[in-house]
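Below are the chains, spelled out letter by letter.
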Amino acid sequence: MILLELKHLKKSFDELEVIKDFSLSVKEGEVVSIIGPSGSGKSTILRCLTMLEQMDDGELSYLGEYAAKSENGRCVYASKEKLKQIHHYFGLVFQNFNLFPHYSVLKNIMDAPVSVDKVPKEEAKKRARKLMEQLGLSEKENAYPYQLSGGQQQRVSIARALALQPKILFFDEPTSALDPELTGEVLKVIKELAKEKMTMIIVTHEMQFARELSDRIIFMENGVCVQEGTPDEIFHSENERVRDFIGKFVG
Amino acid sequence: MSFGTMLGQLATGMLVTGEIFFLTLLFSLPLGLVISFGRMSKNGLLRTITKIYISIMRGTPLMLQLIVVYFAPYYIFRIRISSGYRMIAVIIGFVLNYAAYFAEIYRSGIQSIPVGQYEAAKILGYSKGQTFFKIILPQVIKRILPAVTNEVITLVKDTSLAFVLAVTEMFTLAKQVAAAQTTIVPLMAAGVFYYLFNLLVAFVMETLEKKMAYYR
């Protein structure tokens, strides 16, 4: 089943064309990594997919339901109610966590299910506790974000996203703000999720991680997809630019 | 006149001072928030209007504003002003003035919240109202508390300006008693009163700050 379909995304900021023409289709249970140099438009794609940015042109649908359609070269978004429903299908984990500093770990995780999805408090709490256990946060239930390490904060933000039970989870450079040690603990969590067949799209600079985890890797540069393929295809690419970029990481 | 009788005379003034103080806060704190929304609005006209409003409120003396509020109904609409309107005019004047200052304080606080907080809330599906009242405003209040304390302390002392509309708050009374009895003691007592009032204000605000110190 296709969970996400993006066709011919175009996006400019003022005069600067950030995404020239990008399409992506993701099946249930798939893990797709987007790699490439800084400024290549990776994060912009994620921001368009999660509707934090409006597309200039293109079509976007989740589970076959249109969030946006292309009409005469312009992008037309669905109704507010429709978008609200579509928002339920995905979650996003930010590079710098964006936890709510005035909420405890538990409240960060359970507040959206309670306030947005109207899940009964007790059930939301149970759900949150289960997630905290899974992600090794049980002892931090009553801690506030400032008391946590970066790795713990990122795990809370993953739990917060999972608490809404999304069908697809986006990661925007989830480890870029973390040191190597903390990076490891967050990557471990993401690997666990992959084992459980969570559908994920990950923008990352962790090459080895992308290689191990992904079903598919997309290499972006200058707003276009340079190459798309299995980790093997990308890591043994014929394309000089891709080889060059990956060579710098793998050594 | 004994010290006790004098204090008794001042006491009625203290009540009026307290009344001006509390009513001003009660109305100007929420009004300031509304004005700050206007100031940050996407609508250019609304933004300009609130900008001019704030500019005038901050740029002219509060005393003059009180006089304008009091006499405006007569000069503009030829409505006869009753003496009961004096206190109302004082409250209106103070509220309009302080709301302008509070609006700018709110604005500084709201604009200091990282955009990531809004984005996280949006992704999680919070409505705009929920985002503002549950996520943003509590953080704003924590950040602006020291600036608000400053304004509130200034307000305590500004209440004495009500004398221009012949509202007998405490300072007016102190001056009257001082003149009638040819003694400076009532004025000193007034000074002590303002000081203690502000000590209380500072204590309350500090307690609030401590209450919100559970997170960073």
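Definitions and cut-offs
- Each chain carries its own residue numbering, running from 1 in the direction its sequence is written.
- Chains carry letters from A onward and ligands carry numbers from 1 onward, assigned in written order.
- A pLDDT threshold of at least 70 governs which residues receive local features in this predicted model, and a stricter bar of 80 or more applies before side-chain atom pairs are shown or counted, although totals over entire chains, interfaces and linings include all residues.
- Side-chain metrics rest on all non-hydrogen atoms present in the structure, leaving aside hydrogens and water.
- For this analysis, residues touch if any pair of their heavy atoms sits within 4.5 Å.
- Two parts placed together each lose some accessible area under a 1.4 Å probe, and adding up what both lose gives the buried area.
- By definition here, a salt bridge exists when the distance from a side-chain nitrogen of Lys or Arg to a carboxyl oxygen of Asp or Glu is within 4 Å.
- Residues adjacent in sequence count toward polar contacts only when both atoms are side-chain atoms; beyond that, a polar contact is any pair of N or O atoms within 3.5 Å, and within protein one must be able to donate a hydrogen and the other to accept it.
- Helix numbers and strand numbers start at the N terminus; a helix is a DSSP run of H or I with at least 4 residues, a strand a run of E with at least 2.
- Side-chain classes are defined by residue name, with Ala, Val, Leu, Ile, Met, Phe, Trp, Tyr, Cys and Pro counting as nonpolar, Asp, Glu, Lys and Arg as charged, and the others, Gly among them, as polar.
- Summary of the burial criterion: residues with accessible area below 20% of their type's maximum are buried, those above 50% are exposed, and those between are partly exposed, where the area comes from a 1.4 Å probe applied to protein chains only.
- By the convention used here, strands pair only if DSSP detects at least 2 bridges between them.
- Note on geometry: axes are lines fitted to C-alpha atoms, helical ones only across the stretch in contact, with angles between N-to-C directions running from 0 to 180 degrees.
- Excluding any residue in a salt bridge, patches collect residues exceeding 30% relative accessible area, merging like charges within 9 Å and nonpolar Val, Leu, Ile, Met, Phe, Trp and Tyr side chains within 5 Å.
- In short, Shrake-Rupley with a 1.4 Å probe defines the accessible areas, and a residue's cover is counted only from the protein chains shown.
- Charged-residue counts in this description rest on Lys and Arg as positive and Asp and Glu as negative, His and the chain ends being excluded.
- For the purpose of locating charges, the reference atoms are NZ of Lys, CZ of Arg, CG of Asp and CD of Glu.
- Working rule for angles: under 35 degrees goes down as roughly parallel, over 145 as roughly antiparallel, 65 to 115 as roughly perpendicular, anything else as oblique.
- Throughout, a crossing is termed right-handed when the near helix is turned clockwise from the far one, and left-handed when it is turned anticlockwise from it by less than a right angle.

*Asks:* What is the right way to read the interface of chain A and chain B from this model?
*Replies:* One widely used convention gives an interface's size as the accessible area the parts lose upon coming together. Contacts between the two partners involve 24 residues from chain A and, on the opposite side, 18 residues from chain B. Summed over both sides, the interface between chain A and chain B buries roughly 2100 Å², with carbon and sulfur atoms accounting for 60% of that surface. Per-residue buried area on chain A facing chain B is highest for Phe100(A), His102(A) and Tyr146(A); these three make up 30% of the total on that side. Our count for the chain A to chain B interface comes out at 2 salt bridges. Here Lys134(B) makes a salt bridge to Asp111(A), at a shortest N to O gap of 3.3 Å. There are 12 residue pairs in polar contact (both at pLDDT 80 or more) connecting chain A and chain B. Within the residue set of the side of chain A that touches chain B, elements represented by two or more residues are strand E7 (90-93) and helix H3 (105-115) of chain A. Split into classes, the residues belonging to the side of chain A that touches chain B amount to 14 nonpolar, 6 polar and 4 charged.

*Asks:* Can you help me understand the pattern of salt bridges in this one?
*Replies:* Any two side chains of opposite charge can pair, on the condition that their charged atoms come close. Within this structure, the stated rule accounts for 17 salt bridges over all chains. Put simply, Glu104(B) and Arg39(B) hold a salt bridge, and the shortest N to O gap is 3.8 Å. Of this pair, Glu104(B) sits in helix H4 (residues 85-111) while Arg39(B) sits in helix H1 (residues 3-39), placing them 65 residues apart in sequence. Residue Glu104(B) shares its accessibility class with Arg39(B), and that shared class is buried. The structure contains a network of salt bridges with shared partners spanning Glu221(A), Arg241(A), Asp244(A) and Lys248(A).

*Asks:* When you look at the sheet that holds E7(A) in this model, what are you seeing that I'm missing?
*Replies:* Within a sheet, neighbouring strands are paired by backbone hydrogen bonds and run either parallel or antiparallel to one another. Residues and elements named next belong to chain A. Strands sit in the order E7-E8-E9-E3-E10-E11 across an open sheet of 6 strands; the sheet is mixed. The open sheet has two free edges, formed respectively by E7 and strand E11 (224-229), since each of these has just one partner strand. Ignoring strand direction, the axes of neighbouring strands in this sheet form an average angle of 15°. Across the sheet, helix H6 (residues 180-195) is in contact with strand E3 (31-35), strand E8 (168-172) and strand E9 (199-203); its angle to E9 comes to roughly 145°.

*Asks:* Teacher, can you tell me more about a nonpolar patch on the surface here?
*Replies:* Residue and element names in this part refer to chain B. A cluster of nonpolar residues, Met63, Ile67, Phe71, Tyr74, Tyr75, Ile76, Phe77, Ile79 and Phe163, forms a patch on the protein surface that exposes about 870 Å² of accessible area. Here Ile76 is to be found in helix H3 (residues 62-77). What makes Ile76 exposed here is its relative accessible area of 57%.

*Asks:* What should I look at first to understand a positive patch on the surface in this one?
*Replies:* Together, Lys80(A), Lys42(B), Lys122(B) and Lys128(B) line one region of the surface with positive charge. In this structure, Lys42(B) sits in the loop between H1 and helix H2 (44-59). For Lys42(B), a relative accessible area of 84% corresponds to the exposed category.

*Asks:* Looking at this model, I keep getting lost on the packing of helix H5 (residues 115-124) of chain B against helix H6 (residues 128-158) of chain B. Mind explaining?
*Replies:* Two packed helices can be described by the angle between their axes and the distance between those axes. Residues and elements named next belong to chain B. At a closest axis distance of 11 Å, the pairing of H5 and H6 adopts a crossing angle of 155°. Judged by the inter-axis angle, H5 sits roughly antiparallel to H6. Crossing of H5 against H6: the hand is right-handed. Taking contact as the criterion, the partners of Gln117, Tyr118 and Ala121 in H5 are, on H6, Thr131, Ile135, Ile136 and Gln139. In the contact of H5 with H6, the residues fall into 4 nonpolar, 3 polar and no charged.

*Asks:* Can you help me understand the sheet that holds strand E4 (residues 57-62) of chain A in this one?
*Replies:* All names here are of chain A. The 5 strands lie next to each other as E2-E1-E4-E5-E6, forming an open sheet whose pairing is antiparallel. In this open sheet, the two strands that pair with only one neighbour each are strand E2 (16-27) and strand E6 (74-77). The sheet shows a mean angle of 20° between the axes of neighbouring strands, taken without regard to direction. The pairing of strand E1 (residues 2-13) with E2 spans 8 bridges and is antiparallel.

*Asks:* Quick question: what am I supposed to make of H5(B) here?
*Replies:* The α-helix winds at 3.6 residues per turn, so residues separated by three or four positions along the chain end up facing the same way. For H5(B), the tally of buried residues reaches 7 of 10 residues, placing the bulk of the element in the interior. All of the buried residues along H5(B) are Gly116(B), Gln117(B), Glu119(B), Ala120(B), Ala121(B), Ile123(B) and Leu124(B). As for H5(B), its buried residues are in contact with helix H1 (42-49), helix H2 (80-87), E7, H3 and helix H5 (150-162) of chain A together with H6 of chain B. Just beyond H5(B), the residue with positive phi is Gly125(B), at close to 95°.

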